[in-house]
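An overview of the molecular structure
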Amino acid sequence: MSSEASGVRVIGLWPSPYVIRVLIALKLKGVEYEFVEEVVGRKSELLLKSNPVHKKIPVLLHHGKPISESLVIVQYVDEVWSSGGAPAILPADPYTRALHRFWAQYIDDKLPPAIRTLRATDAAAGDKDQAAGQMSAALQLLEEAFVKLSQGKQYFGGDSVGYLDIALVSHVGWVKAVEKMAGVSLLDRAKVPKLVAWADRLCAHPAVADAIPDADKFVEFSVKYGSFSKPINSGAK
């Protein structure tokens with residue numbers, strides 16, 4: 001299916017974790033799309049027209065109709081492209097689905113603020129230590145959640161990549177980048193071994209590998225754009 005035939009466009013910037021998760025969802029479903037790259041520090045007329053409420057990335061355009069907020073978009077992708085042999089992204093069981101949504105919201109509440117502090121050049125050492133501690137605590141809770149939800153399988157979604165996998169892995173590039181930038185250990189094999197193994201496995205998945213560049217690229221982006229890159233992690237979800 002061509003992007004023209006499917007009528008799918010994604011407005012975004014490659015370093016945004018919220019954009020990354022949309023791209024992963026589309027790749028999992030085998031949907032071809034056109035990526036409309038924004039310019040750092042500017043908002044295109046297309047973006048402002050497509051998301052007049054938040055005026056932020058990402059936006060999915062499907063046959064010209066805009067959908068905003070990354071987790072909403074992922075759910076939309078799962079519902080629209082539910083046939084064709086692609087596995088479901090959201091769990092079928094209502095209770096399990098609710099748990100995945102809960103943890104996805106937890107991820108977006110806890111990780112981005114800590115990442116912003118750790119990558120800020122003007123943040124105090126004490127603030128960075130606190131952010132690293134908060135991040136480590138969050139990842140340990142997610143390690144426990146992984147054990148319960150995966151039930152001994154490879155992903156939060158079980159045998160296949162699911163909603164919570166997408167929500168968390170979208171932040172992994174920045175987590176690895178701030179480890180380098182701030183000199184901290186977050187995805188620590190001694191503390192969260194199952195989560196580290198999960199991240200390694202998922203980042204090698206065909207639907208994920210191209211969407212998440214090497215950590216050095218995130219570091220280079222942060223150094224190059226400085227304050228302009230802050231909204232990458234604080235944009236609409």
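Here we summarise the structure given alongside this text. Note that the structure is predicted; figures quoted are calculated from it, not measured.

A few words on the sheet that holds strand 2 (residues 34–37). Overall, mixed pairing links the four strands, which are arranged 2-1-3-4 in an open sheet. Of all the strands in the sheet, just strand 2 and strand 4 (65–68) have a single pairing partner and so form its edges. Strand-to-strand twist of the sheet, defined as the mean angle between neighbouring strand axes without regard to direction, takes the value 25°. As paired elements, strand 3 (residues 59–62) and strand 4 share four bridges and run antiparallel to each other. From the neighbouring strand, Val59 faces strand 4, where its bridge partner is Ser68. Along the sheet face, helix 2 (residues 17–28) touches strand 1 (8–12), strand 2 and strand 3 and points at about 160° away from the line of strand 1.

Core analysis: the largest hydrophobic core is formed by 74 residues, its most contacted members being Leu26, Phe156, Leu195 and Trp198. Residue contributions to this core peak at nine residues, all from helix 6 (residues 125–150). Each residue touching Phe156, except ones within four places of it in the same chain, is listed here: His100, Leu142, Ala145, Phe146, Leu149, Ser150, Leu164, Asp165, Leu168, Leu195 and Trp198.

Moving on: the packing of aromatic side chains. Summed over the entire model, instances satisfying the criterion amount to eight aromatic pairs. Ring plane angle 75° and centroid distance 5.6 Å describe the contact between Trp14 and Phe221, whose orientation is recorded as edge-to-face. Residue Trp14 is found in the loop between strand 1 and helix 2, and its partner Phe221 is found in helix 11 (residues 215–225); the two are separated by 207 residues along the sequence. Judged by relative accessible area, Phe221 falls into the buried class, the value being 5%. By way of ring pairs, the aromatic residues Trp14, Trp174, Phe218, Phe221 and Tyr225 are connected into one cluster. The ring of Trp174 has Arg119 sitting right over it, with the charged end atom 4.2 Å from the ring centre.

It is worth spelling out unusual backbone geometry at this point. Cis rather than trans, the peptide bond between Ile57 and Pro58 has omega equal to 0°. Relative to the assigned elements, Pro58 resides in the loop between helix 3 (45–50) and strand 3.

Regular strands show a simple pattern: their side chains alternate between the two faces of the sheet. Residues Val59 and Leu61 point to one face of strand 3 and Leu60 and His62 to the other, with burial holding for every one of them. Where strand 1 and strand 3 come together, four bridges link them in antiparallel fashion. Residue pairing across strands places Arg9 opposite Leu61, the latter belonging to strand 3. The hairpin turn running from strand 3 into strand 4, its antiparallel successor, is two residues long, and His63 in that turn takes a positive phi close to 50°.

A word on the pattern of salt bridges. Taken as a whole and judged by the stated rule, the model has six salt bridges. The closest approach of N and O atoms between Arg9 and Glu34, which form a salt bridge, is 3.2 Å. Linking Arg9 in strand 1 with Glu34 in strand 2, this pair joins segments that are 25 residues apart in sequence. For the salt bridge of Asp78 with Lys29, the shortest nitrogen-to-oxygen distance reads 3.0 Å. One end of the pair, Asp78, is in helix 4 (residues 70–80); the other, Lys29, is in the loop between helix 2 and strand 2, and 49 residues separate them in sequence.

Attention now moves to helix 11. Inspection of helix 11 places Ala215, Phe218, Val219, Phe221 and Ser222 among the buried residues, and these make up the whole buried set. One side of helix 11 holds all its buried residues, which, seen down the axis, span an arc of 160°. Among the exposed residues of helix 11, those pointing more than 90 degrees away from its buried face are Glu220, Val223 and Lys224. Against helix 2, helix 5 (94–119) and helix 8 (172–182) lie the buried residues of helix 11. Two or three places before Asp216, at the opening of helix 11, Asp214 has a side-chain oxygen 2.9 Å from that residue's backbone nitrogen. Once helix 11 finishes, Gly226 follows within two positions and takes phi at roughly 50°, a positive value.

Cut-off values and rules
- Residues numbered from 1 in each chain as written.
- Predicted model: local features only at pLDDT ≥ 70, side-chain atom pairs only at ≥ 80, totals over all residues.
- Heavy atoms only, no water.
- Pairing = 2+ DSSP bridges.
- Helix = DSSP H or I, 4+ residues; strand = E, 2+ residues; numbered from the N terminus.
- Axes fitted to C-alpha atoms, helices over the stretch in contact; angles between N-to-C directions.
- Contact = heavy atoms within 4.5 Å.
- Core = buried A, V, L, I, M, F, W, Y, C linked by side-chain atoms within 4.5 Å.
- Buried < 20%, exposed > 50% of the residue type's maximum accessible area, 1.4 Å probe, protein only.
- Phe/Tyr/Trp six-rings, centres within 6.5 Å; stacked < 30°, edge-to-face > 60°.
- Lys NZ or Arg CZ within 6 Å of the ring centre and 35° of its normal.
- Salt bridge = Lys/Arg side-chain N within 4 Å of Asp/Glu carboxyl O.
- Arc of directions from axis to C-beta.
- Polar contact = N/O pair within 3.5 Å; in protein donor to acceptor, adjacent residues only side chain to side chain.

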